[in-house]
Amino acid sequence: MTKARSTPDFIIIVVTFVLLAIGVVMVYSSSAVVAAQKGDPFFFTKRQLIFATLGIAAMFVTMNVDYWVWKKWAKPGLIFCFFLLIIVLIIGKEVNGAKSWLGIGAFGIQPAEFMKLGMAAFLAKWLSDNQKDIGSFTKGLVPTLGIVCLAFGMIMLQPDLGTGTVLFGTSVLMIFVAGARMKHLLGLALLGVIGFIGLVLAAPYRIKRITSFIDPWSDPLGAGYQLIQSLYAIGPGGLMGLGIGMSRQKFLYLPEPYNDFIFSILAEELGFIGGATVLLLFLLLLWRGMRTAVTAPDLFGSLLATGIIGMLAIQVIINVGVVTGMFPVTGITLPFLSYGGSSLTLMLTGIGVLLNISRYSKM
């Protein structure tokens, strides 16, 4: 067993805390108007601080637990995640048209978020234990993707296309890194495109999202409303922004500005410089995560680090792409910045695992 260094990757820790701090400030700034209607302008900020505290605690725990432990618990953990996905379909709360939440008092958990991290740990174990078979279509790729597609299908029953896309994209990235053949992946990618088209055609609201993405002004008060209001926020931000707390779109124009569209408010208040700074911080985190994956002492650690950092990168790409009009609108949070419980705490838990792997990396 490789001997651990005394300290994990310091840059990952610093960047994570900087993003968290920016997130808390932006959650307050973007949510104060909506929260004031509840009688407390700090309503969402207080809850975000609770989620962040829980996530930081989980991060420090997982940072100090040898990552090999997750290999032992990967299979039971995946089974538990599937159990949660079944339960949420039966007794889950419906929020914004998706039955994605299990309520616990005033709080709730989102089982699909657990599945993203659980699937990354399981695939890291599965692929490292069966690496010799991954080049085979029938022995390696089909059973591996079968498990991923089952989880994706259950998430789509909620439905939650954003989380499902992150899960599937992260899984394919891990399979590719493990050594799957490119021709097999390209063939499956073609089938995936056909399947995606089928999912879009199966739900009228997804068709509206596609058409509104192409021309949001064709339905400015309907399917195109969110994107138009997002662009109205980003545009006036200019180079320097309007200033912290000076957003106009948060005054009930942009729906849930503290959640999926928080980057729009950030760009409006902090401008191009603020938005670019946040993206550079994510790029720095991605670089250090990739460095940890490449220098991990074993294949399991390398794949687990790839899954965690890939999950974060895909989520950032989709979220920023949606709010800037590059992708059709789909509900997905911006890591560390958006308001949310399950997403924030589990992302910080994953960062803790990544930090532990960095302690064993062969620098």
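Residues numbered from 1 in each chain as written. Predicted model: local features only at pLDDT ≥ 70, side-chain atom pairs only at ≥ 80, totals over all residues. Heavy atoms only, no water.

### Considering the overall build of the protein chain
Regarding its fold elements, the protein chain presents 12 helices and three strands. The C-alpha atoms of the protein chain give a radius of gyration of 20 Å, which matches the 21 Å a tight globule of 363 residues would have. Across its three principal axes, the protein chain shows a C-alpha extent of roughly 55 × 50 × 40 Å. For the protein chain, with 363 residues in total, the buried portion stands at 50%. Summarising the internal contacts of the protein chain: among those between residues at least 6 apart in sequence, 74% fall at separations of at least 24. Summed over its atoms, the accessible surface of the protein chain is roughly 16100 Å², and 72% of this surface lies on carbon and sulfur atoms. Here the protein chain contributes 25 positively and 15 negatively charged side chains, and the mean placements of these two sets differ by 9 Å. (Helix = DSSP H or I, 4+ residues; strand = E, 2+ residues; numbered from the N terminus. Rg over C-alpha atoms; globule rule 2.2 N^0.38 Å. Buried < 20%, exposed > 50% of the residue type's maximum accessible area, 1.4 Å probe, protein only. Contact = heavy atoms within 4.5 Å. Areas by Shrake-Rupley, 256 points an atom, 1.4 Å probe, with all protein chains shown as cover. Lys, Arg positive; Asp, Glu negative; His and termini not counted. Charge placed at Lys NZ, Arg CZ, Asp CG, Glu CD.)

### Considering the side chain of Thr-144
Note on placement: Thr-144 falls in helix H5 (residues 137-156). Classification of Thr-144 as buried rests on a relative accessible area of 0%. Residue contacts for Thr-144: discarding those within four places in its chain leaves Leu-123, Trp-126, Leu-127, Ile-134 and Ile-175.

### With respect to the nonpolar core
If you look at the biggest cluster of nonpolar residues, it comprises 88 residues, and the most contacted ones within it are Leu-19, Met-115, Phe-282, Phe-336, Leu-337 and Ile-351. Per element, the largest residue contribution to this core is 14 residues, and it comes from helix H11 (residues 299-323). In contact with Leu-19, not counting residues within four places along its chain, are Val-278, Leu-281, Phe-282, Leu-285, Phe-336 and Leu-337. (Core = buried A, V, L, I, M, F, W, Y, C linked by side-chain atoms within 4.5 Å.)

### Concerning unusual backbone geometry
Note that the residue after Gln-158, namely Pro-159, is joined by a cis bond; omega there is -5°. Here Pro-159 is to be found in the loop between H5 and helix H6 (161-178). A positive phi is found at Phe-336, a non-glycine position, where the angle reads about 75°. Position of Phe-336 relative to the elements: it lies in the loop between H11 and helix H12 (342-360). Since its relative accessible area comes to 2%, Phe-336 is described here as buried.

### Side note on a nonpolar patch on the surface
A cluster of nonpolar side chains, Leu-173, Phe-176, Val-177, Met-182 and Leu-186, forms an exposed patch at the surface whose accessible area comes to about 440 Å². Breaking the nonpolar patch down by element, the ones donating at least two residues are H6 and helix H7 (182-202). The element contributing the most residues to the nonpolar patch is H6, with three residues. Counting through the fold element by element, Val-177 comes out in helix H6. (Patch = residues over 30% accessible without salt bridge, like charges linked within 9 Å, V, L, I, M, F, W, Y side chains within 5 Å. Salt bridge = Lys/Arg side-chain N within 4 Å of Asp/Glu carboxyl O.)

### Some points on the packing of aromatic side chains
Evaluated as defined, the whole model comprises 12 aromatic pairs. With a centroid separation of 5.0 Å and an interplanar angle of 85°, the aromatic rings of Phe-43 and Phe-44 are classed as edge-to-face. Under the relative-accessibility criterion, Phe-43 is labelled partly exposed at 27%. Exposure remark for Phe-44: the relative accessible area of 6% places this residue in the buried category. The ring of Phe-43 has Lys-38 sitting right over it, with the charged end atom 5.2 Å from the ring centre. Arg-288 extends its terminal NZ or CZ atom over the ring of Trp-287, reaching a point 4.8 Å from the ring centre. (Phe/Tyr/Trp six-rings, centres within 6.5 Å; stacked < 30°, edge-to-face > 60°. Lys NZ or Arg CZ within 6 Å of the ring centre and 35° of its normal.)

### Points about the side chain of Ser-338
Among the structural elements, Ser-338 can be located in the loop between H11 and H12. Polar side-chain contacts of Ser-338 include one of 2.7 Å to the backbone oxygen of Asn-259. Dropping the residues within four chain positions of it, Ser-338 is found in contact with Val-27, Gln-48, Tyr-258, Asn-259, Asp-260, Ile-262 and Thr-333. (Polar contact = N/O pair within 3.5 Å; in protein donor to acceptor, adjacent residues only side chain to side chain.)

### Some words on helix H4 (residues 111-129)
One full turn of an α-helix is made of 3.6 residues, so residues set three or four places apart face in the same direction. Relative to the 27 Å expected for 19 residues at 1.5 Å per residue, H4 spans 26 Å between its end C-alpha atoms, a close match to the ideal helical length. By the criterion of burial, H4 is predominantly enclosed, with 15 of the 19 residues buried. (Expected span 1.5 Å × (residues − 1).)

### Some thoughts on the state of the cysteines
What the rule picks out here adds up to zero disulfides. No disulfide involves Cys-81; its sulfur sits 17 Å from that of Cys-149, the nearest cysteine. Residue classification places Cys-149 among the partly exposed residues on the basis of a relative accessible area of 40%. (Disulfide = S-S within 2.5 Å.)

### Quick notes on the packing of helix H1 (residues 10-36) against H12
Axis separation between H1 and H12 bottoms out at 11 Å; the angle between their running directions is 165°. Judged on the interaxial angle alone, H12 and H1 are roughly antiparallel. The handedness of the crossing between H1 and H12 is left-handed. For the pair formed by H1 and H12, the contact residues are Ile-12, Ile-13, Thr-16 and Leu-20 on the first element and Leu-344, Leu-348, Ile-351, Leu-354 and Leu-355 on the second. For the contact of H1 with H12, a count of residues per class yields eight nonpolar, one polar and no charged. (Axes fitted to C-alpha atoms, helices over the stretch in contact; angles between N-to-C directions. Parallel < 35°, antiparallel > 145°, perpendicular 65-115°, else oblique. Left-handed = near helix turned anticlockwise from the far one by under 90°. Nonpolar A, V, L, I, M, F, W, Y, C, P; charged D, E, K, R; others polar.)

### Comments concerning the environment of Ile-79
By secondary structure assignment, the location of Ile-79 is in helix H3 (residues 68-91). In sequence terms Ile-79 and Met-115 are 36 residues apart; their C-alpha atoms lie 9.6 Å from each other.

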